[in-house]
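The chain contents come next:
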Amino acid sequence: MPSKTKLTGRVVFRGDPGYDAARKNWDPHTDRFPKVFVFAQKTQDVSNAIKWARENKVPIRPRSGRHALEVNLSQVNGGIVIDVSEMKKIRLNKKAGTVVVETGNQVGRIAKTLAKQGFIAPFGDSPTVGIGGITLGGGIGPLQRTIGLISDNLLEVEMVDAKGRVMRANKKCNPDLFWASRGGGGGNFGVYTKYKLKTVRAPAKATVFSIVWPWNQFEKVLKKWQVWAPSVDTRLGSELTIGPKKGGNVSMLGMFLGSKTEAVRLLKPITSVGTPTQQTIKLLPYPEVVDFMLAPDPILTQRFSNQFSSGFGRRPFPDRAYKSIREFLEKVEGKDAGFFFLNWGGAIARIAPRDTAFYWRDPKFYVEWNSNWSKKSEAAKNIAVVRETRRKLQPYIVGSYINVPDQGIKHSGPVYYGANYPRLRRVKAKYDPENVFNNPQSIPPARV
Ligand SMILES: Cc1cc2nc3c(=O)[nH]c(=O)nc-3n(C[C@H](O)[C@H](O)[C@H](O)COP(=O)(O)OP(=O)(O)OC[C@H]3O[C@@H](n4cnc5c(N)ncnc54)[C@H](O)[C@@H]3O)c2cc1C
């Protein structure tokens, strides 16, 4: 029986021109072949796509910025990808201090648009990550100690549910769905089409910094960083990256919402460690701060696949952990492989773990590590080394970040969501009892 509902928007079936371009995700080894991509132009196109998928029994994957870190999240064999990336409106209300963004926007586009108008929008370390996916899982970055996670800034969402109905959720209307949308992760409850976020005035200028050390000083630098970064002034966000032994270095990129003089003073404990080979600390107009922090990261030219794993540290690592980190960095060969740390605290810790779906509020820092490779034949050994390192670091970390998933983690629900997992399953049972929105790491509905 032909389906009642017709697909609308820009529709690309397998075999149509544009199909290969539509299949490209940030991960170049994405190996799924959906039946059709629908590039929605408006919310009604999303609604039609969901109804069509249900009538035709076709599995669904929502997609926004294509930055999923596993290949099976925003694409599925034989399915329909409901892609919102052509829905890119941004409406700033300066008086109310709010901005409504369609979920097809990339984080960098929002941050740059608002910065030019004197407002702050949160961002992470890549401008091309989609606001659609990043927000649902939390959204971490160098401003988080000042304004919280991206999801902490959400005031309201528009979402299309499994029946194709357009719903709204905020503190008063569907509050449980709103709670779950702030950290519960993408692909679980419906296809989100709009986010209303609060926004604050940006300072006219702020300070950025970039410090580089030789690789063999990583232990010294990391030891100091783990005590310094979580307790330094909360206007300072610091991303510490340690590359592979072969060709890598130690680099710290970050920003401080204050003067250069103050930044130099606050950075002193870390810049006086070892012998930095490069040191940039400069005051810039706020829009240039955003440009400095978000180096170009095009999706379609990415050549490396990655395996990530992530967690949170509640206290500085003991010496045994350093041994495992060193072994990992000596083994991995991909040029972008390594460890990445981001300081926690401030605004993140002011929200209680059960107040939103994002549970991991009290750690001192976030940590992720990844291997990367360009030939498919190198995948297995690279995936294995990341997972082996997780096993070794497990005693020193808690949880894992849903946006930086590792599908090797067994019984992962409580690892991603801590004590919020049972409630997330109940919200799932209420809004999507038939589990229409699912993927290999999605939240199963609670049994009622
Ligand atoms: C280079 C790079 C840098 C990154 N840096 C950061 C960072 O600094 N901070 C950080 O927090 N994270 C970061 N991430 C992780 C990122 O947050 C996740 O990969 C996120 O899921 C990407 O969202 P997306 O919309 O771009 O991806 P997509 O591949 O489009 O989607 C990812 C997931 O979200 C779901 N989803 C997407 N859009 C919607 C929607 N509209 N409605 C419902 N579900 C949806 C998808 O189904 C899928 O499960 C980074 C990732 C990459 C590749």
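Procedures and definitions
Residues numbered from 1 in each chain as written. Predicted model: local features only at pLDDT ≥ 70, side-chain atom pairs only at ≥ 80, totals over all residues. Heavy atoms only, no water. Buried < 20%, exposed > 50% of the residue type's maximum accessible area, 1.4 Å probe, protein only. Helix = DSSP H or I, 4+ residues; strand = E, 2+ residues; numbered from the N terminus. Pairing = 2+ DSSP bridges. Domains from an automatic or database assignment. Contact = heavy atoms within 4.5 Å. Buried area = accessible area lost by both parts, 1.4 Å probe. Salt bridge = Lys/Arg side-chain N within 4 Å of Asp/Glu carboxyl O. Polar contact = N/O pair within 3.5 Å; in protein donor to acceptor, adjacent residues only side chain to side chain. Near = heavy atom within 4 Å. Areas by Shrake-Rupley, 256 points an atom, 1.4 Å probe, with all protein chains shown as cover.

**Topic: the pairing of strand 6 (residues 98-102)**
Here is step 1 of the chain: Of all five residues making up strand 6, five are buried, and the element is well covered by its neighbours.
Here is step 2 of the chain: Burial of strand 6 is two-sided: the residues Thr98, Val100 and Glu102 facing one way and the residues Val99 and Val101 facing the other way are all buried.
Here is step 3 of the chain: Pairing of strand 5 (residues 90-93) with strand 6 involves four bridges; the strand directions are antiparallel. Its bridge partner being in strand 6, arginine 91 is matched across the sheet by valine 100.
Here is step 4 of the chain: Pairing of strand 6 with strand 10 (residues 191-198) involves five bridges; the strand directions are antiparallel. Paired with valine 101 across the bridge in strand 10 is tyrosine 195.

**Quick notes on the domain arrangement of the protein chain**
Here is step 1 of the chain: The assigned domain composition of the protein chain is domain 1 (10-83), domain 2 (90-202 + 419-431) and domain 3 (205-396).
Here is step 2 of the chain: Between domain 2 and domain 3, the contact holds 37 residues from the first and 41 residues from the second.
Here is step 3 of the chain: Together, the buried faces of domain 2 and domain 3 total about 3,000 Å²; carbon and sulfur atoms form 60% of this surface.
Here is step 4 of the chain: Ranking the residues of domain 2 by area buried against domain 3 places Pro142, Arg145 and Asn420 at the top, with a combined share of 26%.
Here is step 5 of the chain: Close ionic contact of arginine 361 with aspartate 152 constitutes a salt bridge, the shortest N to O distance being 2.9 Å.
Here is step 6 of the chain: At the boundary of domain 2 with domain 3, the tally comes to 22 residue pairs in polar contact (both at pLDDT 80 or more).

**Considerations on the site of the ligand**
Here is step 1 of the chain: Around the ligand sit 33 residues in total, of which Pro62, Ser64, Ser74, Asp125 and Tyr401 are the nearest.
Here is step 2 of the chain: In this structure, an oxygen atom belonging to the ligand sits 2.7 Å away from a main-chain N or O atom of proline 62.
Here is step 3 of the chain: Note that an oxygen atom of the ligand is positioned 3.0 Å from one of the backbone N or O atoms of arginine 66.
Here is step 4 of the chain: Burial of the ligand by the surrounding chains reaches 94%, relative to a free accessible area of 940 Å².
Here is step 5 of the chain: For the shell around the ligand, the secondary-structure elements that each account for two or more residues are strand 3 (60-63), helix 4 (131-137) and strand 10.
Here is step 6 of the chain: If one sorts the elements of the shell around the ligand by residue count, helix 4 sits on top with four residues.

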